[in-house]
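# Structural features, examined
Listed here are the chains, written in short residue letters.
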Amino acid sequence: MKAWITGALTVTLAAGSAHGATPEPEPVDATLSTSSGDRVQLARWRGKPVILFYEDKDSTTLNAPLKTELFTRGRERGLLQSAFVVAVANLEKYDFFPAREIALSYVRDEEKKAGVPILVDLKGTLGQEPLKLPTKTSTVMLLDAEGTPVYRHSGRMKPEEQERFFVALSQLVGQDLTTSAGVAGDQP
């Protein structure tokens, strides 16, 4: 009887670990829109690491310090072309007439100011499987060149989170981005 219980427990534990194991991350994709209404897939940006910002209108300044530091470090090291930056505006709550057109017009104005395209999520797509991103905050996500998530943070980043972000990004682009180049250049 003891052998049977031991055997049954072993089989149960083995089956439980097989089902309870954390699955390996897989590439993710989603279909969004440009501010002019063209449909586009995130997979379009594969081939380089992707820095994805997903924000609702009330959260665009939460991680402004990170955006500034990211641009500064990239420019200082000549790495601005080493990764794609993909901005996505969550406009789900504006997906009705006439609010949709007003929101899209605002996004187009922001694109001109920032000099980068901003995708729009009118259906809450990134809040659903497989990404399940929070829809009422700022989320920063890093995807490797194949589209597999390697880093994700939602909400305002504290300095230690920014450090983790730059460590992960450094690994993806193959260059140390953990300090600003001005600080790194001052050291012997």
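Please refer to the structure placed before this passage.
Bear in mind that the values here come from a model prediction, so they are computed numbers and not experimental data.

## Quick look at the pattern of salt bridges
Applying the stated criterion across every chain, the model contains 9 salt bridges. Across the salt bridge formed by K67 and E55, the nearest N and O atoms sit 3.0 Å from each other. With a gap of 12 residues between them, K67 in helix α2 (residues 64-76) and E55 in strand β3 (residues 50-55) connect regions that are remote in the sequence. Residue classification places E55 among the buried positions, given a relative accessible area of 9%. If you follow the salt bridges from partner to partner, you end up with K57, D58 and K93 in one network.

## Some remarks on the nonpolar core
L42, L52, V86, V88, L119 and L126 are the most contacted members of the largest nonpolar core, which has 17 residues in total. Put simply, the parts of the chain that give this core at least two residues each are β3, β4 (84-90) and β6 (138-143). Per-element tally for this core: the top contributor is β3, with 3 residues. If we ignore the near neighbours within four places in the chain, the residues touching L126 are A30, L32, L42, L52, Y54, V88, D121, L131, K132 and L133. Listed in part, the 15 residues of the second largest apolar core include I51, L70, V140 and L142.

## Quick word on α2
Given a rise of 1.5 Å per residue, 13 residues ought to cover 18 Å, and the 18 Å separating the end C-alpha atoms of α2 matches this to within 8%. Every buried residue of α2 is listed here: L66, L70, T72, R73 and G74. In this structure, the buried residues of α2 make contact with β3, β6 and α4 (159-173). Immediately beyond the C-terminal end of α2, within one or two residues, lies G78, with a positive phi of roughly 70 degrees.

## Some details on the pairing of β3
Among the 6 residues that make up β3, 6 are buried, leaving the element largely enclosed by the rest of the structure. Covered by surrounding structure in β3 are V50, L52 and Y54 together with I51, F53 and E55, the residues of both alternating faces. For β3 and β4, the ladder comprises 6 bridges, and the chain directions are parallel. Counterpart to I51 in the pairing with β4 is V85. For the crossover that starts at β3, traverses α2 and ends in the parallel β4, the hand is right-handed.

The rules we used
Residues numbered from 1 in each chain as written. Predicted model: local features only at pLDDT ≥ 70, side-chain atom pairs only at ≥ 80, totals over all residues. Heavy atoms only, no water. Salt bridge = Lys/Arg side-chain N within 4 Å of Asp/Glu carboxyl O. Helix = DSSP H or I, 4+ residues; strand = E, 2+ residues; numbered from the N terminus. Buried < 20%, exposed > 50% of the residue type's maximum accessible area, 1.4 Å probe, protein only. Core = buried A, V, L, I, M, F, W, Y, C linked by side-chain atoms within 4.5 Å. Contact = heavy atoms within 4.5 Å. Expected span 1.5 Å × (residues − 1). Pairing = 2+ DSSP bridges. Right-handed = clockwise from strand over helix to strand, strands pointing away.

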